[in-house]
Amino acid sequence: GTTHRANVGEDFYGLEPRDTDVRCSCPTCKPLLGPRGDFNSGEASQIVWGFADHVARALQETHPGTSVGLLAYGNHAGCPTQLDLAPNIYVGMAIFPRGIPDLEQSDFRMYKEWLAKLPGRMSSIWLYPCFPRERAGIQGYTAFPKLEPRGLNAQMRLFAQDKVRCFMFCGAYDTVLDYWCSLKFQDNPFVDVEATIADFYRRYYGPAAEPMQKLLDGIEAASAGVPALDEQVSWDVVGTDERLAAWQQLLDEAVALAQEDPEKKRVLNIRDTLWAEMLKGKKIWTHRKRYRGDVEAFRQLPPLEATIVKLTTGPADDDAANVDWKGVTPFKITRTMSGYPAMERWADLYMAHDGRRLYIRLTDHIDVKRLKVSDGAWWGDRWEVFLSRQSNRAAGQTLADRDRGEWGPYRQVGVRPGALLCDLWTFVKDDWDGWSKADLKLRNVQGAEAWTFFLTLSLDSLSSAGPVLPGQKVYFNFIGPNEASGDTIALSPTLDPGSYHNVPRLAGFLLQE
């Protein structure tokens, strides 16, 4: 009856949980939970690895020679020293820090504990070149790039000494050099690293090798030893004006020297990708620093409270695209998630109801040619709509507060450019069946200078807690990330850029009677 299946091969039975924390509160599991810690912790290690041990020992009886594999990841990354694990359990360690390994850092301490616990059974290492870029993108800023050819050599030397033979790289490296080093040093890390890197530059950039190596070596060295590249550290501490000016001179020199392809294309690729992203990140941070006082004042204000007007008659076919929107005043969406005035885009949000349905029109004033559409839900350029019957104003605003039950039920709608159907999510597990069958209509329109979508929802569908009636309140947020502009704008800024699911910050709307 389960909807989840293990990843089964001839020799291994994969039992890795989903990419979420394991935090069961049943009477059996709850006493086994440890204290919460960093992302990688041992909070649920007794639960996850204890279960894996039961499966592994059963497989020894029913399928001799078969093994169980799991990742040491998330809140089951910690080594369960109190458990005597079966000899047919193998571990793959997720290690997030990049650059030269710091063996005192918690991920590497856990790695060493696993090596001692399961000698010869560290089957793989997961590394994360996606960070800090991915986290920065989620939080609405551009991080200083993390280049690590020398760090990759140091990592591979360590892993080779520990006889690790398999690697998973989650996400993309920032340069071809990093890609190349990730493969070159897997093959043999015990080489002259400086000579190897210099050889790459000579062969790849030709006459532009010297300024390109000075440029990329400088970018690598600037962030070396910096544990967290948040926005302020990225552009006030690491990507300073002086460094950017010096690096610009080196890049200009390289462009002038690389006159023929393929070296010319390779230099321009760095200029138009890595360097352009760095300049964008610096520009956004400079803009935000200018509005710090404005944002501090905005933080003291409560979320928006407004009224959704009632139409005298409903539109044809109950379609939001058929509403006469001329008489409806839009709500302006002009601030980013963290409360700063947006740099390059804004949106107009129109809302109305007829006593039976809620009608929404959202016009995103954006260069539609720069929209990036993802095939997967909750990725790429999109709008996410959060809706709830409860205000949750007095509740804490973290996901830990949510998990403790301090928030009421809420639902979520995702709209991607050009999509025919909405993406759906609900916080209440038992609500999936009802929400997936809700009466929703979506229409997408892309003009020359704006993307507009029309959304119709039944007032019976706004909450699992029951219908919303005229004269009652409903709570919304509209959050729209856009990669090209760097602006993730929100109707009600959550003031914690990574917290899309900040239900206490939803804007309150009274349905006009």
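Residues numbered from 1 in each chain as written. Predicted model: local features only at pLDDT ≥ 70, side-chain atom pairs only at ≥ 80, totals over all residues. Heavy atoms only, no water.

Considerations on helix 4 (residues 149-161)
Step number 1: Look at helix 4: 19 Å from first C-alpha to last across 13 residues, which is about the 18 Å you get at 1.5 Å a residue.
Step number 2: Of the positions making up helix 4, those classed as buried are P149, R150, G151, L152, N153, Q155, M156, L158 and F159.
Step number 3: Phi for K163, located one or two positions after helix 4, is positive at around 65 degrees. (Helix = DSSP H or I, 4+ residues; strand = E, 2+ residues; numbered from the N terminus. Expected span 1.5 Å × (residues − 1). Buried < 20%, exposed > 50% of the residue type's maximum accessible area, 1.4 Å probe, protein only.)

Thoughts on the environment of L506
Step number 1: Here L506 is to be found in the loop between strand 17 (489-490) and strand 18 (507-511).
Step number 2: The spatial distance from the C-alpha of L506 to the C-alpha of G380 is 23 Å, given a sequence separation of 126 residues.
Step number 3: Ignoring anything within four residues of it in the chain, the contact list for L506 reads P303, F386, S388, R393, Y475, F476, N477 and S492. (Contact = heavy atoms within 4.5 Å.)

What about the nonpolar core?
Side chains of nonpolar character tend, in soluble globular proteins, to be buried together.
Step number 1: Y111, F159, Y205 and M212 are the most contacted members of the largest nonpolar core, which has 73 residues in total.
Step number 2: The leading source of residues in this core is helix 1 (residues 45-62), at seven residues.
Step number 3: The residues contacting Y111, other than those within four sequence positions of it, are M93, I95, M122, I125, L158, F159, D162 and V164.
Step number 4: By size, the runner-up hydrophobic cluster in this structure holds 39 residues, among which are A306, V368, L455 and F476. (Core = buried A, V, L, I, M, F, W, Y, C linked by side-chain atoms within 4.5 Å.)

With respect to the packing of aromatic side chains
Within a pair of aromatic rings, the relevant descriptors are the distance that separates the centres and the angle that separates the planes.
Step number 1: In the structure shown here, the tally under the stated rule is 30 aromatic pairs.
Step number 2: Taken together, a centroid distance of 6.0 Å and an interplanar angle of 55 degrees make the contact between F169 and Y173 tilted.
Step number 3: Aromatic side chains W451 and F453 sit 6.0 Å apart centroid to centroid with 50 degrees between the ring planes, which places their arrangement in the tilted category.
Step number 4: In this structure an aromatic cluster arises from ring pairing among F108, Y111, F159, F167, F169, Y173 and Y179.
Step number 5: The residue whose ring lies beneath R135 is F131, and the NZ or CZ to ring-centre distance is 4.5 Å.
Step number 6: Note that R361 overlies the ring of Y350, its terminal NZ or CZ placed 4.6 Å from the centroid. (Phe/Tyr/Trp six-rings, centres within 6.5 Å; stacked < 30°, edge-to-face > 60°. Lys NZ or Arg CZ within 6 Å of the ring centre and 35° of its normal.)

Observations regarding unusual backbone geometry
Step number 1: Following F131, the chain continues into P132 via a peptide bond in cis, with omega recorded as 5 degrees.
Step number 2: Examined against the element boundaries, P132 turns out to sit in the loop between strand 5 (122-127) and helix 3 (133-139).
Step number 3: Look at the link from D261 to P262: it is a cis peptide, with omega at 10 degrees.
Step number 4: In this structure, K163 is a non-glycine residue whose phi angle is positive, near 65 degrees.
Step number 5: Within the secondary structure, K163 is located in the loop between helix 4 and strand 6 (167-169).
Step number 6: A positive phi is found at W378, a non-glycine position, where the angle reads about 70 degrees.
Step number 7: With respect to the secondary-structure elements, W378 resides in the loop between strand 10 (357-365) and strand 11 (383-388).
Step number 8: W378 gets classed as partly exposed once you look at its relative accessible area, which sits at 22%.

Comments concerning the side chain of S388
Step number 1: Within the element layout of this structure, S388 appears in strand 11.
Step number 2: Reaching out from S388, the side chain makes a polar contact with the backbone nitrogen of Q390 at a distance of 3.1 Å.
Step number 3: Non-local contacts of S388, meaning those with residues more than four positions away in its chain, are made with P409, Y410, V474, Y475 and L506. (Polar contact = N/O pair within 3.5 Å; in protein donor to acceptor, adjacent residues only side chain to side chain.)

Side note on the pairing of strand 4 (residues 89-95)
Step number 1: Burial analysis of strand 4 places six of its seven residues in the buried class, which makes it a mostly covered element.
Step number 2: Pairing analysis gives five bridges linking strand 3 (residues 67-72) to strand 4, with the strands arranged parallel. By the bridge assignment, L70 is partnered in strand 4 with V91.
Step number 3: Both strand 4 and strand 5 contribute to a ladder of five bridges, which runs parallel. Its bridge partner being in strand 5, M93 is matched across the sheet by I125. (Pairing = 2+ DSSP bridges.)

Structural notes on the pairing of strand 7 (residues 305-310)
Step number 1: The pairing of strand 7 with strand 18 spans four bridges and is classified as parallel. Each bridged residue has a counterpart across the sheet, and for T307 the counterpart in strand 18 is L510.
Step number 2: Looking at chain direction, strand 7 and strand 9 (residues 346-353) are connected through two bridges and run parallel. Paired with V309 across the two strands is A352, which belongs to strand 9.

A word on the packing of helix 7 (residues 209-223) against helix 9 (residues 241-257)
Step number 1: One can describe the packing of helix 7 onto helix 9 by two numbers: an axis separation of 8 Å at closest approach and a directional angle of 155 degrees. Compared by their axis directions, helix 7 and helix 9 come out roughly antiparallel. The handedness of the crossing between helix 7 and helix 9 is left-handed. Between helix 7 and helix 9, the contacting residues are P211, M212, K214, L215, G218, I219 and A222 on the first element and R243, W247, L250, L251, E253, A254 and L257 on the second.
Step number 2: Partitioned by chemical class, the residues of the contact of helix 7 with helix 9 number 10 nonpolar, one polar and three charged. (Axes fitted to C-alpha atoms, helices over the stretch in contact; angles between N-to-C directions. Parallel < 35°, antiparallel > 145°, perpendicular 65-115°, else oblique. Left-handed = near helix turned anticlockwise from the far one by under 90°. Nonpolar A, V, L, I, M, F, W, Y, C, P; charged D, E, K, R; others polar.)

With respect to helix 10 (residues 263-290)
Step number 1: Taking 1.5 Å of rise per residue, 28 residues should cover 40 Å, and helix 10 covers 39 Å from first to last C-alpha, within 8% of that figure.
Step number 2: Maximal helix bending in helix 10 amounts to about 35 degrees, located at W275. (Bend = angle between axes of the 7 residues up to and from the residue.)

Structural notes on the side chain of H353
Step number 1: Tracing the chain through its elements places H353 in strand 9.
Step number 2: In this structure H353 comes out as buried when scored by relative accessible area, which is 0%.
Step number 3: Looking at H353, its side chain comes within polar contact range of the main-chain nitrogen of G355, at 2.9 Å.
Step number 4: Non-local contacts of H353, meaning those with residues more than four positions away in its chain, are made with I308, V309, K310, L311, L358, Y359, L459, P470, L511 and Q512.

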